[in-house]
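Topology and contacts: notes
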Amino acid sequence: MDKNVVFSRLRRLEKNERLDNDLSSSSDSDEVHVLAVDDSFVDRKVIERLLKITSCKVTVVDSGMRALQFLGLDEEESSDGYDGLKVDLIITDYCMPGMTGYELLKKIKGSSAFREIPVVIMSSENVLTRIDRCLEEGAEDFIVKPVKLSDVKRLKNYMFGEGRTKSQDKGFNKRKLQETSPSTSPSLSPTSSISPEQSSDLSSTSSPSTPSSPAFQDSPTRRFKSSNQD
Amino acid sequence: MEVVGQLQKQYVDFITSLFREAYLDDQYVQLQKLQDDSNPEFVVEVVSIFFEDSEKLLNDLASSLLVSISLFWVFILCLRPSLLLMVVLFFLLFLFQLYSQQQVVDFKKVDGYVHQFKGSSSSVGAQRVKNACVTLRNFCEEKNLDGCSRYLNLVKQEFYLVKNKLETLLRVSITLW
């Protein structure tokens, strides 16, 4: 059963499938199905649009429980009770009432049927212990909110770009203070394993950075620093 | 048309000033990037959801910082005490209320609301609102009721300011484009 999840995703990437939405931006028609979980209405709207504009099929739910229900992982329904749409990626908010993103992550990684699905955590708090905890539990990546188009594009590219499987690039890839231009290289080492020393390195290499948008005042450094105060 | 050109210039000047004065930050630009012909109302939709959400949050915040000890006052009045006794009792109750509000306010709950508000304002790029929320959260952590009340007023103020400006901005942009 778990092998099928991986194979079906690869097969879907290779096949040319009909797109649900008529976005002009998608040149290739591989359909990545993303399940997005967030309790905030505003954030749900934004993440849905971000994913759709990067040619992903999106299902948005407002809680961890609903996410489990959708996957068919909750106790009431059997696993073949859900609508058969295989999920390729789960992106979830960390702070949610009821079940947190971390708890959802644990449930997914604890299930034989769904542990292969990559899970990405989003959070407005840039707390390294939280990031480490999520990555240790098996999260693929950790994105600091507010989520930008470049974050989603980067995510999609390194997870599903060019037919690459996720096992090829499992590096720690915390959202960097990058711009949308491709010339910016990640300031954080993506390939090494997570260690406390690296965590402190990350905070020091992240602070000097160029503003993401030259026309306007807000600098990512300020954003990083202000979220560090949390 | 000359008039349209002027209006466009006014729009550009206005939005530039909003960024310069930190009412809006880069995240608003991000939202604009997500709007296109297939979804021409996106910014308006998100901003409208933000406004609705925020009004609710502000109400929840206001009521969670209020402690209802009004029943005590009613009780006192029912005792029909002499004027002097009433004054003394009111004074004592006032002190008691000051003290107990510190203990009775659920700062965790307040912090929860502020966290939500901070998140949603950050997601639309309402920078000043977000910054005010950050400070308000610090007061919550310190269980500083006075600071919380003051900063809640500031958060409200900043919210209505940016709401006003965004409404103007979006109204003009709909007219122009």
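- Identification of chain B as Histidine-containing phosphotransfer protein from Olea europaea subsp. europaea is taken from an unreviewed UniProt entry.

- Per an unreviewed UniProt entry, chain A is named Two-component response regulator ARR5-like, and its organism is Olea europaea subsp. europaea.

1. Topic: the nonpolar core
- Residues L51(A), I91(A), Y28(B) and F117(B) are the most contacted members of the largest nonpolar core, which totals 68 residues.
- Discounting chain neighbours no more than four positions away, the residues touching I91(A) are V34(A), L35(A), A36(A), V37(A), I47(A), L51(A), V120(A), M122(A), I143(A) and L155(A).
- Ranked by size, the runner-up nonpolar core spans 27 residues in total, among them L35(A), L71(A), Y94(A) and F142(A).

2. As for helix α2 (residues 41-53) of chain A
Residue and element names in this part refer to chain A.
- Helix length check: α2 (13 residues) gives 18 Å between terminal C-alpha atoms against 18 Å at 1.5 Å per residue, within 8%.
- Of all the 13 residues making up α2, 10 are buried; the element is thus mostly covered by neighbouring parts of the structure.
- Buried residues of α2: V42, D43, R44, K45, V46, I47, R49, L50, L51 and I53, and no others.
- Downstream of α2 by one or two residues, S55 has phi in the positive range, about 60°.

3. As for helix α7 (residues 127-141) of chain B
Residue and element names in this part refer to chain B.
- Spanning 15 residues, α7 covers 21 Å between terminal C-alpha atoms, matching the ideal 21 Å at 1.5 Å per step.
- Regarding α7, the residues found buried are Q127, V129, K130, A132, C133, V134, L136, R137, F139 and C140.
- Looking one or two residues past α7, K143 carries a phi angle of roughly 55°, positive in sign.

4. Section: the UniProt feature "modified residue: 4-aspartylphosphate" (unreviewed entry) in chain A
Residue and element names in this part refer to chain A.
- The feature "modified residue: 4-aspartylphosphate" (unreviewed entry), as given by UniProt, occupies D93 in the numbering adopted here.
- D93 sits in the buried class, given a relative accessible area of 6%.
- The residues contacting D93, other than those within four sequence positions of it, are V37, D38, D39, G101, M122, S123 and K145.

5. Things to note about the sheet that holds strand β1 (residues 32-37) of chain A
Residues and elements named next belong to chain A.
- The parallel open sheet is built from 5 strands, whose spatial order is β2-β1-β3-β4-β5. Pairing within the sheet leaves two strands with one partner each, and these edge strands are β2 (56-61) and β5 (141-144). Taken pair by pair, the neighbouring strands of this sheet meet at an average axis angle of 20°, ignoring direction.
- Bridge count between β1 and strand β3 (residues 89-93): 4 bridges; the pairing is parallel. Across the sheet, residue V34 finds its bridge partner in β3, namely L89.

6. So, the packing of aromatic side chains
Residue and element names in this part refer to chain B.
- The final tally for this structure, using the stated rule, is 8 aromatic pairs over all chains.
- Ring centres of F50 and F159 lie 5.7 Å apart, and the angle between their planes is 75°; this geometry places the pair in the edge-to-face category. With F50 in helix α3 (residues 42-65) and F159 in helix α8 (residues 145-176), this pair connects stretches of sequence that are 109 residues apart.
- Judged by its relative accessible area of 0%, F159 falls in the buried class.

7. A word on unusual backbone geometry
- The omega torsion of the bond from K145(A) to P146(A) falls at 0°, within 30 degrees of zero and hence cis.
- On the secondary structure map, P146(A) appears in the loop between β5 and α6 (149-160).
- A positive phi angle, near 60°, is found at S55(A), a position not held by glycine.
- Looking at the element boundaries, S55(A) is found in the loop between α2 and β2.
- Of note in the backbone geometry, K143(B) takes a positive phi value of approximately 55° without being a glycine.

Scoring rules and cut-offs
Residues numbered from 1 in each chain as written. Chains lettered and ligands numbered in written order. Predicted model: local features only at pLDDT ≥ 70, side-chain atom pairs only at ≥ 80, totals over all residues. Heavy atoms only, no water. Core = buried A, V, L, I, M, F, W, Y, C linked by side-chain atoms within 4.5 Å. Buried < 20%, exposed > 50% of the residue type's maximum accessible area, 1.4 Å probe, protein only. Contact = heavy atoms within 4.5 Å. Helix = DSSP H or I, 4+ residues; strand = E, 2+ residues; numbered from the N terminus. Expected span 1.5 Å × (residues − 1). UniProt positions renumbered as here; feature names shortened; annotations may be inferred. Pairing = 2+ DSSP bridges. Axes fitted to C-alpha atoms, helices over the stretch in contact; angles between N-to-C directions. Phe/Tyr/Trp six-rings, centres within 6.5 Å; stacked < 30°, edge-to-face > 60°.

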